[in-house]
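# Notes for the structure review
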Amino acid sequence: MIQQEREPDLRDLNAALAALIDVFPAIQPDVFREMLTNVSAESRLEVVTEHLLQREAKWVRGRFRTPSLGAISRSSDRSSKGNTASTTEPNSVVEKMLSSDDHFRSEAYRKAVKQVFYQEFRSLSHSTIKGVLAEQNFSYKLARPILHQLATRGWRFSIPYFWSRPATAPTPTLGQPPCVVWLEDTRVEGKQIPHLKRTGSVELDLELYEMFVAAPIAKYRQEVIAANFMAASQINEAEATEVGALFDCECCYGSYAFEEIASCTEESHLLCHECVRRTVNEALYGQGWSRTADLHRATVRCFASTSQDCGGYLSPDAVRRALNDDGSGTHEQDELWTIFQNRLYADVLRCPCCDYAEVDETPVFKLRHPLEIWHYIGTRTTTAFQLTFLCGLVATSVFANVLFGLLAGIYLLFSLLPGSSRVLHGVLTRIYRRRRSNRFRCKNPTCLKITCMRCNAIFRDPHTCFESEKTSLRTAIETSATAAIKRTCPRCLLSFIKESGCNKLVCNCGYTMCYICRQEITAQEGYGHFCQHFRPAGGRCTECFRCDLYGDEDEEKSIRAAVEEAEKAWRAKDSGDALVEACFTWDITPAASSDSVE
């Protein structure tokens, strides 16, 4: 934000980009960046909008985006919320759809990221680095893996010409950049923490800090907190032992300090936190859930071994403190408590759009009046069923005594065997849930949305579960496959895809680059950039390691890797169901795109 305030034109470009995203949410932001860069500052928003409305196919060329499902639902319901949306949601839908990697970059950020890459990837030419940065909107996070892949490929192709190497040579891992250095912590001997060198751009410094410094420092602080907690616990226990202020756990019969003890509400049985953690873990991942969990109070029942008939329970705050205060630092805060609560509320219906929830209760089973049964059969059933029902009535009148005896036996069975009533209730519950509609109406006055209980999407007739997920996943995969082979001119930022021809690409502005390594091809170099050796058997040249003039042997690999990464990211973000994988086989062929000139 500091750099944008110093550059008014950059601020205007980002404002125009956000406005275009709001008007055309289905188009990728790189289309707008390409168009906004090539028009004058006067009325740029109106000019771009007019071009998209008149000739959208020419400019978009299959570059559509897939916003998240939550953003789609919020965007579709903005009109119904009215002014409430601006107060309840601090960030607008446009800001959530437009990430920081999609904004126009400042000149200071561009210079800084190029200098960082020049130092890190010395084996790559400057034109190659500029080409990759232009493809990824000068984003350090997105461009670094691609540059590492190009540098790794050059290393693997050049080394074998000096000495023989096996075919399965190990690939160098992507480490930390030179601007991140590890220095010894003055407070702890022998402990090193990362430090970041200034790059000249505040925006890039923040990005590098979040990528390489924040996580190690957070882990180090967590280790310090865990060590301090263990030390404090030992000191507390030693002082309690010295003054005789220990309490005996009525489950494991161990002695613990007051801070490590929880008591039940009925008979004040004392239970240590370690026993509470072991009991909850056994209930979640083993057996004993029905004995441990108190579903009505959403907590843990008293499990003191000295009294098996205690009807008390542990307070939720005590259970939560026992599950979190282990001092190990191996799990996130409230992780085990959250899993326990989700298991308790497994039979609760929740609205996916707000915090409303209600208990999923099965209605009481009762028989209808005989006249209602007769009316239902006469009006809502087929002729074959009606004839079968009449035959059953005749058989019942003939064998009435046998029927009465059968009913009496069933009544005695349910009276003498309590487990049989639970079995019947379970059967009726499954029948009720199978036959009821998946439509869930939220009763929150500020929400009142109708959603599907199966896929959590907004219910609109006709409704097909997971239809939006299938569409968004397909679009995400096709978009990623297209972006994997997209090239961008670093001079005019025009994006294009090579459909056919050789790997020497000439942009409309006159910039010439190689499709394989993205390096600039000068007029003096020309086709000398490519391999000139004759290969009668085909395959890779064994005499040099230059780029091939024809052939896209790396294209399918890049597409396959991009598709796998897009599907993994989509499932992690939108929680795709396994049904999507079972119903679809994805075509990874990229969408037909722009003109490429040779």
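Along each chain, the written sequence defines residue order, and numbers are assigned to residues from 1. Restriction of local features to residues with pLDDT of at least 70 applies here, the model being predicted, together with a cutoff of 80 or more for giving and counting side-chain atom pairs; totals for whole chains, interfaces and linings are based on all residues. Note that water and hydrogens are dropped before the side-chain values are worked out from all heavy atoms of the structure.

The protein appears in an unreviewed UniProt entry as RING-type domain-containing protein from Dissoconium aciculare CBS 342.82. UniProt positions are given in the numbering used here, feature names are shortened, and annotations may be inferred rather than shown by experiment. Quoted verbatim from the Pathway (unreviewed entry) heading of the UniProt record, the comment on the protein is "Protein modification; protein ubiquitination."

### Comments concerning the overall build of the protein
To qualify as a helix, a DSSP run of H or I must reach at least 4 residues; to qualify as a strand, a run of E must reach at least 2; elements of each kind are numbered from the N terminus. What the protein contains, in helices and strands, is 24 helices and 17 strands. Looking at the 598 residues of the protein, the share that counts as buried comes to 36%. Every residue pair with non-hydrogen atoms within 4.5 Å of one another is taken to be in contact. Within the protein, contacts between residues separated by at least 24 positions form 54% of all contacts whose residues are at least 6 apart in sequence. Surface exposure here means Shrake-Rupley accessible area, sampled with a 1.4 Å probe, where a residue is shielded only by the protein chains that are shown. Counting only carbon and sulfur atoms, one obtains 55% of the accessible surface of the protein, whose full area is about 36,300 Å². Burial status follows relative accessibility: with a 1.4 Å probe on protein chains alone, a residue under 20% of its type maximum counts as buried, one over 50% as exposed, and anything between as partly exposed.

### What to know about the sheet that holds strand E7 (residues 293–294)
Whether parallel or antiparallel, the strands of a sheet pair through hydrogen bonds between backbone atoms. If you trace the three strands from one edge of the open sheet to the other, you get E7-E8-E9, paired in antiparallel fashion. Looking along the sheet, the strands with just one partner apiece sit at the ends: E7 and strand E9 (313–314). Pairing analysis gives two bridges linking strand E8 (residues 299–301) to E9, with the strands arranged antiparallel. Each residue of the ladder has a partner; that of Val300, found in E9, is Leu314. When DSSP finds two or more bridges between a pair of strands, those strands are recorded as paired.

### Points about the packing of aromatic side chains
Pairing of aromatic rings covers Phe, Tyr and the six-membered ring of Trp, with a centre-to-centre limit of 6.5 Å; geometry is then stacked below 30 degrees between planes, edge-to-face above 60, and tilted otherwise. This structure, assessed with the given rule, holds eight aromatic pairs. Both rings, one in Phe24 and one in Phe32, keep their centres 6.3 Å apart while their planes meet at 40 degrees; by these two values the pair is tilted. The exposure class assigned to Phe24 is buried, which follows from its relative accessible area of 11%. Taken together, the aromatic side chains of Phe117, Phe121, Tyr140 and Phe212 make up a single cluster linked through ring pairs. Counting as a charge over the ring demands two things of the Lys NZ or Arg CZ atom: a distance within 6 Å of the ring centre and an angle within 35 degrees of the ring normal. The ring of Phe138 carries Arg110 above its face, with NZ or CZ at 4.4 Å from the centroid.

### What to know about the pattern of salt bridges
The working definition used for a salt bridge is a side-chain nitrogen of Lys or Arg within 4 Å of a carboxyl oxygen of Asp or Glu. As enumerated under the stated definition, the model contains twelve salt bridges in all. A salt bridge links Asp30 to Lys486, with the shortest nitrogen-to-oxygen separation between them at 3.1 Å. On the criterion of sequence distance, the pair formed by Asp30 in helix H3 (residues 29–37) and Lys486 in the loop between helix H22 (467–484) and strand E14 (487–488) is long-range, its members being 456 residues apart. Each member of the pair Asp30 and Lys486 is classed as buried. With its nearest N and O atoms 3.5 Å apart, the salt bridge here joins Lys191 to Glu223.

### A word on the packing of helix H14 (residues 273–285) against helix H17 (residues 335–344)
Relative to each other, H14 and H17 sit at 50 degrees, their axes nearing to 11 Å. With respect to H17, the axis of H14 lies oblique. In the crossing of H14 with H17, the sense of the turn from one axis to the other is left-handed. Two secondary-structure elements touch here, H14 through Val280, Asn281, Ala283, Leu284 and Tyr285 and H17 through Leu336, Ile339, Phe340 and Arg343. Residue polarity follows a fixed list, in which Ala, Val, Leu, Ile, Met, Phe, Trp, Tyr, Cys and Pro are nonpolar, Asp, Glu, Lys and Arg are charged, and the others, Gly among them, are polar. When grouped by side-chain class, the residues that make up the contact of H14 with H17 number seven nonpolar, one polar and one charged. Axis definition: a line fitted to C-alpha atoms, limited for helices to the stretch in contact. Angles are taken between N-to-C directions and run from 0 to 180 degrees. Each angle gets one of four labels, with under 35 degrees taken as roughly parallel, over 145 as roughly antiparallel, 65 to 115 as roughly perpendicular, and the rest as oblique. Crossings are classed by handedness, with left-handed meaning an anticlockwise turn of the near helix from the far one by less than a right angle and right-handed meaning a clockwise turn.

### Here we look at helix H13 (residues 202–243)
Since the α-helix packs 3.6 residues into each turn, any two residues three or four apart lie on the same face. Fitting axes to the seven residues ending at a residue and to the seven starting there, one defines the bend at that residue as the angle between these axes. A bend of about 50 degrees at Glu210 is the largest found in H13. Among all positions in H13, only Leu204, Asp205, Glu207, Leu208, Phe212, Val213, Ala214, Ile217, Tyr220, Ala226 and Ala240 are buried. Phi turns positive one or two residues past the end of H13, at Gly244, with a value near 75 degrees.

### Examining H17
What H17 keeps buried is the set Leu336, Trp337, Phe340, Gln341 and Leu344. All buried residues of H17 project into a common sector of 135 degrees when viewed along the axis, lining one side. In this structure, the buried residues of H17 make contact with H14, helix H15 (289–292), E7, E8 and helix H16 (316–324). Throughout, the arc means the angular range of directions from the helix axis out to the C-beta atoms.

### Some thoughts on the environment of Leu36
With respect to the secondary-structure elements, Leu36 resides in helix H3. Among the residues examined, Leu36 registers a relative accessible area of 1% and is labelled buried. Remark: the alpha-carbon pair of Leu36 and Val48, spanning twelve residues in sequence, is separated by 6.9 Å. Residues in contact with Leu36, not counting those within four places in the same chain, are Leu13, Ala16, Leu17, Leu20, Arg44, Val48 and Phe104.

### Regarding the nonpolar core
The biggest cluster of nonpolar side chains holds 27 residues, and the ones touching the most others in it are Phe117, Tyr140 and Leu204. Going through the elements one at a time, helix H10 (107–120), helix H11 (126–135), helix H12 (140–158) and H13 are the ones with two or more residues in this core. Every residue in contact with Phe117, bar those within four places of it in the chain, is listed here: Ile129, Leu133, Tyr140, Ala143, Arg144 and Leu147. Joining through side-chain atoms within 4.5 Å is the link that ties buried Ala, Val, Leu, Ile, Met, Phe, Trp, Tyr and Cys residues into a set, and such a set is a nonpolar core.

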